[in-house]
Amino acid sequence: LTMKTLVIIDTHIFAHVIDFRLNRGDNYEYLRYFSRAYVEFLAGGLWLPDEYDKKNHYVVFVGDEKPYWRNRWFEDLGVFYKANRQWEAKPNAKHIKQCLTVIDEALTGIGKSVLRHSDPECGGFEADDWASAICRLKSPSTRVFLLTTDIDWLGLTHIPNVHWVNAMSNMNVPVIVTGKH
């Protein structure tokens, strides 16, 4: 019996790269080409360690949908979610729409879409909500690679066969963190 491999990719990694390149002055058409190639590379699994089947794995792209459900829930309690953050590494507001458009076009180009959801009653889910739910509901024999820059996702490595991959590392030799079980 072969273990199945699932790769969960946080779309924020694309937004940061695209935003950096837009701030640098890269041509928008070049970015569309670059993003498609980057998405194909990450989804293709060529960066997976040699002991994993690089051809037979599943890929899920997860993204945020605002306003977050936590914002609405905490507001009812008179508290602001993430209010104490002094600085957040997020794309420049003027580039958000371009980043999302480029990401969606790149994913559509390889026949994928981003798992996003918002409920009118409770609000939207964050990418880490999706990753957490998938990891907790997966079969114990399924290997999961969390491709992200969000260190909050490291907490999921306590689940057997869940590995955190630093998407900002050299993807030819990626930094992979596995929890102790």
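Summary of the structure given here.

What counts and what doesn't
Residues numbered from 1 in each chain as written. Predicted model: local features only at pLDDT ≥ 70, side-chain atom pairs only at ≥ 80, totals over all residues. Heavy atoms only, no water. Core = buried A, V, L, I, M, F, W, Y, C linked by side-chain atoms within 4.5 Å. Buried < 20%, exposed > 50% of the residue type's maximum accessible area, 1.4 Å probe, protein only. Pairing = 2+ DSSP bridges. Helix = DSSP H or I, 4+ residues; strand = E, 2+ residues; numbered from the N terminus. Contact = heavy atoms within 4.5 Å. Axes fitted to C-alpha atoms, helices over the stretch in contact; angles between N-to-C directions.

**Observations regarding the nonpolar core**
Then, in step 1: Core analysis: the biggest nonpolar cluster contains 30 residues, and Ile-9, Phe-14, Ile-18, Leu-42, Trp-47, Phe-61 and Leu-147 have the highest contact counts within it.
Then, in step 2: Core analysis: the next-biggest nonpolar cluster, separate from the first, contains 14 residues, Val-62, Ala-131, Ile-134 and Leu-156 among them.

**Focus on the sheet that holds strand E2 (residues 58-62)**
Then, in step 1: An order of E3-E2-E1-E6-E7-E8 is seen for the 6 strands of this open sheet, with the pairing classed as mixed. Two strands close off the open sheet at either side, each with one partner strand: strand E3 (114-115) and strand E8 (175-178).
Then, in step 2: One ladder, built from 2 bridges, connects E2 with E3; its direction is parallel. When the bridges of E3 are listed, Val-62 appears paired with Leu-115.
Then, in step 3: Lying on the sheet, helix H2 (residues 28-44) is in contact with strand E1 (5-10), E2 and strand E6 (143-148); it crosses E2 at an angle near 130 degrees.
Then, in step 4: Across the sheet, helix H5 (residues 127-137) is in contact with E1, E2, E3, E6 and strand E7 (162-166); its angle to E1 comes to roughly 165 degrees.

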